[in-house]
Amino acid sequence: MTERLVPAWLDEAARNDSPTAEEAGRDWKQRRLSAAAARELSDWVTARVTDTAFNEDEGADTGGAVRISVADKAAVHRWLAAQGHDV
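Quick caveat, the model's predicted, so the values are computed rather than measured.

Visitor: Mind showing me how you'd approach the overall build of the protein here?
Guide: Helix and strand content of the protein: four helices and zero strands. If you list the helices and strands of the protein from N to C, you get α-α-α-α. Across the 87 residues in the protein, those meeting the buried criterion constitute 36%. Nonlocal contacts in the protein, meaning residues at least 24 apart in sequence, comprise 60% of its contacts between residues at least 6 apart. Accessible surface computed for the protein: about 5,600 Å², of which carbon and sulfur atoms make up 47%.

In structure tokens, the structure reads:
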């Protein structure tokens, strides 16, 4: 799950804060993230959940680069917790 979602997060982050995204990308290559990056990823995956039971008027914008389900979000949060991050 993280292999699919982290690159999309890093892509989006690079458009907003390139130096921070570059550092997170280097860390990701070693399959670790700083506490700050872990918080950002956790917030990002939560905000980007697109597969919900809501209709288009109620739910998230589904125009993103990847589709993210509630199960995807939970998997990323589990991975972060397993790495010792508080999510």
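Visitor: When you look at the pattern of salt bridges in this model, what are you seeing that I'm missing?
Guide: A side chain of one charge can pair with a side chain of the opposite charge when the charged atoms of the two come close. As enumerated under the stated definition, the model contains three salt bridges in all. Glu 12 is paired through a salt bridge with Arg 48; the nearest N and O atoms lie 2.2 Å apart. Taken together, the residues Glu 12 in helix α1 (residues 2–16) and Arg 48 in the loop between α3 (35–47) and α4 (70–82) connect sequence positions 36 residues apart. Of the residues examined, Arg 48 reaches a relative accessible area of 30% and is grouped as partly exposed. Residue Arg 32 is joined to Asp 27 by a salt bridge in which the shortest nitrogen-to-oxygen separation is 3.4 Å.

Visitor: Is there a simple way to think about α3 in this case?
Guide: Side chains of residues three or four places apart in an α-helix project in the same direction, reflecting 3.6 residues per turn. Relative to the 18 Å expected for 13 residues at 1.5 Å per residue, α3 spans 18 Å between its end C-alpha atoms, a close match to the ideal helical length. Restricting attention to buried positions, one finds in α3 the residues Ala 37, Ala 38, Leu 41, Ser 42, Trp 44 and Val 45. When α3 is viewed along its axis, its buried side chains cluster within an angular range of 165° and face the same direction. Facing away from the buried side of α3 by over 90 degrees, the exposed positions are Asp 43 and Ala 47.

Visitor: What am I meant to see in the packing of α1 against helix α2 (residues 18–29) here?
Guide: Packed helix pairs are specified by the crossing angle of their axes together with the interaxial distance, meaning the distance between the axes. Taken N-terminus to C-terminus, the directions of α1 and α2 make an angle of 155°; their axes are 7 Å apart at the nearest point. When the axes of α1 and α2 are compared, the pair comes out roughly antiparallel. Along this stretch, α1 crosses α2, giving a crossing that reads as left-handed. Here α1 contributes Thr 2, Glu 3, Val 6, Trp 9, Leu 10, Ala 13, Ala 14 and Asn 16 to the contact with α2, which in turn contributes Ser 18, Ala 21, Ala 24, Gly 25 and Trp 28. Taken together, the residues that form the contact of α1 with α2 break down as eight nonpolar, four polar and one charged.

Visitor: Sorry if this is basic, but what is going on with unusual backbone geometry here?
Guide: Peptide bonds are mostly trans, and most non-glycine residues show a negative phi. For Arg 31, which is not glycine, the phi dihedral falls at a positive 55°. The residue Arg 31 is located in the loop between α2 and α3 in this model. Its relative accessible area of 39% is what places Arg 31 among the partly exposed residues.

Conventions we followed
- Residue numbering note: each chain is counted from 1, following its sequence as written.
- Since the coordinates come from a predicted model, pLDDT governs what is reported: local features require at least 70, and pairs of side-chain atoms require 80 or more to be given and counted, while whole-chain, interface and lining totals use all residues.
- Where side-chain values are given, they derive from all heavy atoms of the structure, hydrogens and water being excluded.
- Helix numbers and strand numbers start at the N terminus; a helix is a DSSP run of H or I with at least 4 residues, a strand a run of E with at least 2.
- When accessible area is computed with a 1.4 Å probe and restricted to protein chains, residues below 20% of their type maximum are described as buried, those above 50% as exposed, and intermediate ones as partly exposed.
- Any pair of residues with heavy atoms lying within 4.5 Å of one another is described as a contacting pair.
- All accessibility values rest on the Shrake-Rupley procedure with a 1.4 Å probe; residue burial counts only the protein chains present in the view.
- The salt bridge definition used is simple: a Lys or Arg side-chain nitrogen within 4 Å of an Asp or Glu carboxyl oxygen.
- Between the first and last residue of a helix there are one fewer steps than residues, each counted as 1.5 Å, and that sum is the expected span.
- What the arc measures is the spread of directions leading from the helix axis to the C-beta atoms.
- Note on geometry: axes are C-alpha line fits, over the in-contact stretch for helices, and angles between N-to-C directions span 0 to 180 degrees.
- To sort the angles, those under 35 degrees are grouped as roughly parallel, those over 145 as roughly antiparallel, those from 65 to 115 as roughly perpendicular, and the leftovers as oblique.
- In this scheme the crossing of two helices becomes right-handed for a clockwise turn of the near helix relative to the far one and left-handed for an anticlockwise turn of less than a right angle.
- Amino acids are sorted into nonpolar (Ala, Val, Leu, Ile, Met, Phe, Trp, Tyr, Cys and Pro), charged (Asp, Glu, Lys and Arg) and polar (every other residue, Gly among them).

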